[in-house]
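Working through the structure, step by step
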Amino acid sequence: MRKIRTLLGVATVGASVLAGLPAVASAAPSTPSPAPAAVTSDSARGTYYPVSPARLMDTRTGLGGRTGKVGPDSSLRLQVTGRGGVPAGGVAAVVLNVTVTGPTASSFLTVFPAGRSRPTASSVNFPKDWLGSNNVTSMLGSAGDVTIYNRAGHTHVVVDVLGFYAGTDTGPAGLGPGGQFRPLTPVRLHDSRTDHRGALPAGAAINGWVDFDNEFGMDDYNRHVRALVLNITAVGPQRDGFLTAWSGETAVPDISTVNYRAGKIVPNLAYVKTQPCPPFGCGVDGAPRYMIHSSATTHLVVDLVGVVDDGTVPGGLRFSPAVPTRIVDSRIGQGLTGALGTAQTGRVDVSATVTDPTRVLVMNVTAVAPEKNTVLTVWADGAAKPTASNLNPEAGQIVSNGVLGVLGPEDAFQVHNLTGRTHVVADVVGTFHLNPATASGTTGGSPLRVAGSGVSGHVR
């Protein structure tokens, strides 16, 4: 089995800033990380556990131990394990939603495992006076904590937890193995611009569901689904506000999934815990259900990019976390030879830097100062370009979003730019790989298909 080389190596930190992102310094010789361990079918290592979304930090209120904005070139430590539904032990990495509000300067945040050197990477990029959020997967430090670094100006930071990955074969005490991930060619589940109900009203929520085909030779795959991985986009909201995505098991939780400014187009990747549709409560009884609430009237687009099941179905993927590592920076010809022009597609080859069972790169992808309002789309090399988008940056902005970069047969992915000219940066925070103990076949392909989906209406 080949070993990961530079992809999961640790980079040193640059001393300056270029276009609002970390300067790319000369990387220290990378320390090879071991390839994902072959584990037994009942091992929990690398499996995912969705939790009901919970707030871990809000510098506006002092929650999480910090009161007041984070200053320039400064860091704070956030304890994650033992809080918000995350167990005290057996956890390797967490999925967070990190929100920035009221920044006094253009800057970036970097989230990384506490106790490690700060990497040359960014987790959230933002201009002055920005309001927004980004999905961030982070490896944890030895004490179950992360460090959050701010480059410039002063900003409030809000952190919500969505789930976690097991870091040991036994996993968190008493929980057993978690779920395995299955990437999908993006499927549009909902677009209020074409739905007869129109925009989602302020204070209302959609009640959405997805029905999966039975392609595994089992009675019903729907009952195995534990979470959906969605790209959720607010389009033209009437005022500043936020979207909240959750399972619908409870009242709207006090967290945010997408934070938006009035009139903007704002996407965010989201891991959303589901529950089965109750009888007569959705389009298909037992289908995995999700809800999305909006604080302001806005159009809403929802794309399905992956599924987390209960880990009992063969062929799923497991996660190996990494210290954030830069693999693409078109400003210096890394990964891409230069900026992408109008309708241009760039191919990123990572065949020299990933292990053989790796199927998906978990990344933060950033558009750097595009000439025009544009759209970036990332997909597997060798596949048809999907209609879904990953980033919707405005001219001159530096905007990032979490992206699950599915690799093609030759370990490459593609990036397409709709219009104008933009530089692209990508940082890897981990990989999804085949678990040899439960994989059926060697490709990691999934027979999973969406048979139907829908929204049962606006709920207040």
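These figures come from a predicted structure and were not determined experimentally.

This brings us to the environment of Asn259. Mapping Asn259 onto the fold places it in strand β15 (residues 258-260). The class of Asn259 is buried, set by a relative accessible area of 7%. Linking Asn259 and Ser295, residues 36 residues apart in sequence, is a C-alpha distance of 9.8 Å. Here Asn259 is in contact with Thr99, Leu131, Gly132, Ser133, Gly241, Phe242 and Val266, once residues within four sequence places are set aside. At 3.2 Å, the side chain of Asn259 forms a polar contact with the side chain of Ser133. Within polar-contact distance, the side chain of Asn259 engages the side chain of Ser256 at 3.1 Å.

The next point concerns the sheet that holds strand β6 (residues 107-113). Sheet strands associate in pairs through backbone hydrogen bonding, adopting either a parallel or an antiparallel arrangement. Taken in spatial order, the four strands make up an open sheet running β4-β9-β6-β7, and their pairing is antiparallel. Two strands bound the open sheet, and with one partner strand each, they are β4 (74-79) and β7 (124-126). If you compare each strand with its neighbour and ignore which way they point, the axes differ by 20 degrees on average. In this sheet, strand β9 (residues 145-150) lies alongside β6 in antiparallel orientation, the contact comprising five bridges. Bridge pairing links Phe112 to Thr147 in β9.

As for its position among the elements, Glu249 is in the loop between β14 (241-246) and β15. Judged by relative accessible area, which is 44%, Glu249 ranks as partly exposed. In sequence terms Glu249 and Thr274 are 25 residues apart; their C-alpha atoms lie 8.4 Å from each other. In contact with Glu249, not counting residues within four places along its chain, are Lys273, Thr274 and Gln275.

Thresholds, definitions, all that
- Residues numbered from 1 in each chain as written.
- Predicted model: local features only at pLDDT ≥ 70, side-chain atom pairs only at ≥ 80, totals over all residues.
- Heavy atoms only, no water.
- Helix = DSSP H or I, 4+ residues; strand = E, 2+ residues; numbered from the N terminus.
- Buried < 20%, exposed > 50% of the residue type's maximum accessible area, 1.4 Å probe, protein only.
- Contact = heavy atoms within 4.5 Å.
- Polar contact = N/O pair within 3.5 Å; in protein donor to acceptor, adjacent residues only side chain to side chain.
- Pairing = 2+ DSSP bridges.
- Axes fitted to C-alpha atoms, helices over the stretch in contact; angles between N-to-C directions.

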